Amino acid sequence: MTEALTITEAASSPFSGVDVFELAGWTVVEGFPRPLFDQDVWDLRGIRGRPKHLAAGQLIWDFTKINNPRWRLVAKELMIAYCSPAHPAVAQLPHAYRTPRALATTSRVRDLLFPWLNWLTSQGIASLREVTQEHCQRYLAVRSTIRDKHGQRLRAASPSQKRAVVTAVMDLAFYADLFTNDRYSPSFRPWHFTPPAVVAGIPKQAENKTQPVPDHILQPLLAACLYIVDTLGPHLTVLLRQVESRPPRHGGARRPNPTFADLARALDEHRSTGDPLVEMTDRRVNERLATGWDPDDPLLRVNFLALAVRVGCCEVRSHMLTPGFRQLAEDTLAKVGLAKPWARDAATVPRADTQELVPWITPLHTREVQDLEGVARQAALTVIAAVSGMRNSELAELLVGCRRTREVGPGMVRHSLASKIIKGQKLGGLEDEWVVLEEVHRAVELAEQLHPHPGPGESLFGRISFHSGYTRALRPFVNGPLGRSLGLAPIPDGTVNLRMLRRTLAMELAYRPNGMLAAKIALKHLSVVTTEGYTARPGGAQAKLLAEINEHEQERNLSLAAAEFRNFQQGILPSGPGAQELIDFFTHVDEELARQEATSPHVRSSDQDLRNLLAKRAGTLHLGTANYCWFAGPGKALCLKLAGTPSATKPLAGMCDSARCPQATHHPCHRPIWAETVTQTKTFLGSLSRSQKTERIRLQAELDRAQRVLAEIDAARSGPEQEIHADH
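Please read these numbers as outputs of a predicted model, since none were measured by experiment. (Residues numbered from 1 in each chain as written. Predicted model: local features only at pLDDT ≥ 70, side-chain atom pairs only at ≥ 80, totals over all residues. Heavy atoms only, no water.)

**Considering the overall build of the protein chain**
Rules: The way it works is that DSSP assigns letters per residue, a run of H or I at least four long becomes a helix, a run of E at least two long becomes a strand, and they are numbered from the N terminus. Classification of residues uses two cut-offs on accessible area relative to the type maximum, computed with a 1.4 Å probe and protein chains only: under 20% is buried, over 50% is exposed, and between them is partly exposed. Contact between two residues is taken to exist if any of their heavy atoms lie within 4.5 Å; hydrogens are not considered. For every accessible area listed, the method is Shrake-Rupley and the probe measures 1.4 Å; residues are considered covered only by the protein chains on display.
From N to C terminus, the protein chain includes 27 helices and 14 strands. In the protein chain, buried positions account for 45% of the 728 residues. The contacts of the protein chain with a sequence gap of at least 6 include a subset with a gap of at least 24, amounting to 66%. Summed over all atoms, the accessible surface of the protein chain reaches about 37100 Å², with 53% contributed by carbon and sulfur.

**What about the packing of helix H9 (residues 215–244) against helix H17 (residues 466–479)?**
As a reminder, the rule being used: Fitted lines through C-alpha atoms give the axes, limited to the stretch in contact for helices. The angle between two N-to-C directions lies from 0 to 180 degrees. Should an angle fall under 35 degrees it is called roughly parallel, over 145 degrees roughly antiparallel, and 65 to 115 degrees roughly perpendicular, with every other angle called oblique.
Between H9 and H17, the least distance of the axes is 11 Å, while the angle of their chain directions is 85°. One way to sum up the angle between H9 and H17 is to call them roughly perpendicular. Between H9, through Ile 217, Leu 221, Ala 224, Cys 225, Ile 228 and Leu 232, and H17, the contact on the second element is made entirely by Tyr 470, Leu 474, Phe 477 and Val 478.

**Focus on the sheet that holds strand E12 (residues 621–623)**
As a reminder of what qualifies: Any two strands are treated as partners once DSSP identifies two or more bridges connecting them.
Spatial strand order, E12-E13-E14: three strands in an open sheet with antiparallel pairing. Looking at the sheet topology across the chains shown, the edges are occupied by E12 and strand E14 (664–665).

**Quick notes on the sheet that holds strand E9 (residues 403–409)**
The strands making up a sheet associate through backbone hydrogen bonding, with each pair oriented either parallel or antiparallel. One open sheet accounts for three strands, arranged E9-E10-E11; its pairing is antiparallel. Edge positions in the sheet fall to E9 and strand E11 (430–436), since each of these pairs with one other strand and no more. Averaged over neighbouring strand pairs, the angle between their axes works out to 35° when direction is ignored. Strand direction decides the pairing type here: strand E10 (residues 412–421) and E11, joined by seven bridges, are antiparallel. Bridged to Ile 421 within E11 is Leu 430. Of the strands in this sheet, E9, E10 and E11 touch helix H16 (residues 438–450), which is tilted by about 145° from E9.

**Let's talk about the pattern of salt bridges**
Cut-off, in case you're wondering: Take a side-chain nitrogen of Lys or Arg and a carboxyl oxygen of Asp or Glu: if they are within 4 Å of each other, that pair is a salt bridge.
Throughout the structure, instances matching the rule amount to 34 salt bridges. The salt bridge partner of Arg 660 is Asp 657, with a shortest N-O separation of 2.7 Å. Glu 702 is the salt-bridge partner of Arg 698, the closest N and O atoms lying 2.7 Å from each other. On the criterion of helical spacing, the pair formed by Arg 698 and Glu 702 is a turn pair, its members being four residues apart in helix H26 (residues 693–718). Arg 698 gets classed as partly exposed once you look at its relative accessible area, which sits at 39%. By relative accessible area, Glu 702 is classed as partly exposed at 32%. Within this structure, Glu 269, Asp 275, Arg 310 and Arg 344 form a network of salt bridges that share partners.

**So, the confidence of the model for the protein chain**
The condition is simple: Confidence scores per residue from the predictor, reported as pLDDT, run from 0 to 100.
Of all residues in the protein chain, 89% attain a pLDDT of 70 or more, and the chain-wide mean is 84. pLDDT under 50 marks residues 514–520. Its contacts with residues more than four places away, or in other chains, come to 18 contacts.

**Here we look at the nonpolar core**
Cut-off, in case you're wondering: Buried residues of nine kinds, namely Ala, Val, Leu, Ile, Met, Phe, Trp, Tyr and Cys, make up a nonpolar core once their side-chain atoms join them within 4.5 Å.
Within the largest apolar cluster, 67 residues are counted, with the highest numbers of intra-cluster contacts made by Ile 384, Leu 395, Leu 398, Leu 474 and Phe 477. Elements supplying a minimum of two residues to this core: H9, helix H14 (366–388), helix H15 (392–396), E11, H16, H17 and helix H19 (498–511). Per element, the largest residue contribution to this core is 15 residues, and it comes from H9. Those residues within four positions of Leu 395 in sequence are excluded, and the remaining contacts are Leu 381, Ile 384, Ala 385, Met 390, Phe 461, Ile 464 and Leu 498. Formed by 59 residues, the second largest nonpolar core is a distinct cluster that contains Leu 44, Phe 114, Leu 120 and Met 170.

**Some points on the pairing of strand E4 (residues 153–156)**
Judged from the three bridges that link them, strand E3 (residues 145–147) and E4 form a sheet pairing that is antiparallel. Counted as the bridge partner of Ile 146 is Arg 155 from E4. The hairpin turn running from E3 into E4, its antiparallel successor, is five residues long, and Gly 151 in that turn takes a positive phi close to 90°.

**What about a nonpolar patch on the surface?**
Note the threshold: A patch consists of residues whose relative accessible area exceeds 30% and which take part in no salt bridge; residues with like charges are grouped when within 9 Å of each other, and nonpolar side chains (Val, Leu, Ile, Met, Phe, Trp, Tyr) when within 5 Å.
Together, Leu 642, Leu 652 and Met 655 make up a nonpolar patch on the protein surface, roughly 240 Å² of accessible area in all. With respect to the helices and strands, Leu 652 occurs in the loop between helix H24 (638–643) and E14. On the basis of relative accessibility, which here comes to 31%, the residue Leu 652 falls in the partly exposed class.

**What to know about helix H10 (residues 260–273)**
This is how the line gets drawn: Helix span is expected to be 1.5 Å times the residue number reduced by one.
Spanning 14 residues, H10 covers 20 Å between terminal C-alpha atoms, matching the ideal 20 Å at 1.5 Å per step. For H10, every residue scored as buried is listed here: Asp 262, Leu 263, Ala 264, Ala 266, Leu 267 and His 270. Elements that come into contact with the buried residues of H10 comprise strand E5 (277–278), helix H12 (304–310) and helix H13 (323–336). Where H10 ends, the next residue or the one after it, Gly 274, has phi of about 75°, a positive value.

**Observations concerning the pairing of E10**
Of all ten residues that make up E10, seven are buried, and the element is covered over most of its length. By the bridge criterion, six bridges tie E9 to E10 in an arrangement that is antiparallel. Considered in E10, the bridge of Gly 409 is made with Met 412. The turn linking E9 back onto E10 is made up of two residues, and Gly 411 within it adopts a positive phi angle of 75°.

**Side note on the state of the cysteines**
Rules: Cysteine sulfur pairs qualify as disulfides if the two atoms are within 2.5 Å.
Scanning the model with the defined rule gives zero disulfides in all. No disulfide involves Cys 639; its nearest neighbouring cysteine sulfur is the one of Cys 661, lying 6.1 Å away.

Here it is, written out as structure tokens:
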């Protein structure tokens, strides 16, 4: 064995002496280094087209962090093999990845591989040939618990984290024939090459594990973000320009120290204009107290440096605070008062709840203005993510100037955003365009105005930390005193992230046409622009979002059809022009289930059997505001006849007359809408004057129709109940 190891160690790596960028097929941005494979630190920040959501620190690969120098070459060979699968030395490996792994993925594997190798060193392992399954099991047990830097247990690792650990350990076996310095024993197969997901205990999921944002969180969150963007945003941009244009404290013609006459002149200006003295920040007040200031000193919170800046100086020494100056300052303070420097005369805006006019902000320190800028940026980001469905990587690729507007008709415009698809694409991504609502367009415009360097091509958001911005900036503002003064509803506790917002959008469009999102966003318009984005770029990111929506729609239709079938079995029948056809279909399904049960008496029918029988009819279901449309045949659709488009593939919900269309049905879930229509129509009729005869006739016809539909819903629910129960 010793002889074999000596031969192996003497072999030269197939990558030795080669430029890392050349091996991986990357191009470098001018001014950045091009590391060689043999170097122990690879600075990859100069990769042209690297994803903007990737932190710069993730692209500095320091192999000296591996304690055993012998294994540094192993790690380098594995990393370069991930990035250059077409290299002859890699392509011949039977278990190697056949496409380049994403930079972010390779960086994550590096962060898992280094700890594994260092743990082996801590266990006295000097060669990978000594590694056994026992070591793998013990290491997985160690990594199954998340601990802090002091070793204290925080929580159990997620199954996905454990799967990543297992993958890193296994990959050293899959690429073993590539390594020239050390490798696992040829007979060693970690976990017998059982799939990492199975080893980590990840069950097979039939549905997406990402949950949508709960309605009680989504509603106040989206309402607050839209209010911040549309109502506060214009005022905030003006305030930021004022702060940015303030004179610098240092440089130019400024003198270092003011004289007593200078400070007296500054105080006199405050008295003559009535402008309050500038208040110190709490941090600086605490510093004064720590140096011995009296807590009851009336000048404790006065910012004397602001007085010096006012007269062209840049500092104030403590010896300048003479008794004469202090007396003059106290007299001025008593006359004009004390206030923070910014937004002292804030404009008024309507409160979010009562529309009462209130100041849009209270006076602020400079740091508080900067913090407010962070709140507005997070609000804009939340609106863009929630209403467009863009992923983290796609949001990070938005640039200043990404907004596009084109006229599609007289007085009609279509907004879109230029971005890139990063997920599943080659390095550099794929240029793409998202068709969006005007709300998203305005949010991007605000983000551009808040950008510190809004030059064309600058990254709009850069690397996004949504959780930090939400928990540390946006939610504290909304739930704090400023949010309450503006009438914003508090946002309850709960997790919100970009994946949840994307799934929420898909489910809102598929399940709840009158849900919480519809309270602030026109879902019909949102559905139109999403579909248009799919049509314009069938292979684009918006097409993938629409595919998710369609999956949810299919599941929604099956669930609704199954629920109405259960109602049918309980004697709660549909009503409306298409009711009899639906009842006949449900009768057929019921008979088929009974036949299957009689044929196989020992096998009980399952929900899946029912869903299979309902699948075709459920595929024709479209949700109306106050009805279900079973769009089985375009030739029967009243809306298409009225529109003169009998060959259309979808109903026109805006032209639906469910009281006359032979494919429309009404159900108990629609009763509140019709009952409200009856109440409102009666109110309108009662308010008409005698001269409004034409309007009275029209409203009376609408009332008669609504009352008839309401009576049919009630009759279908209670009329044939005994007959139905007799059969079941």
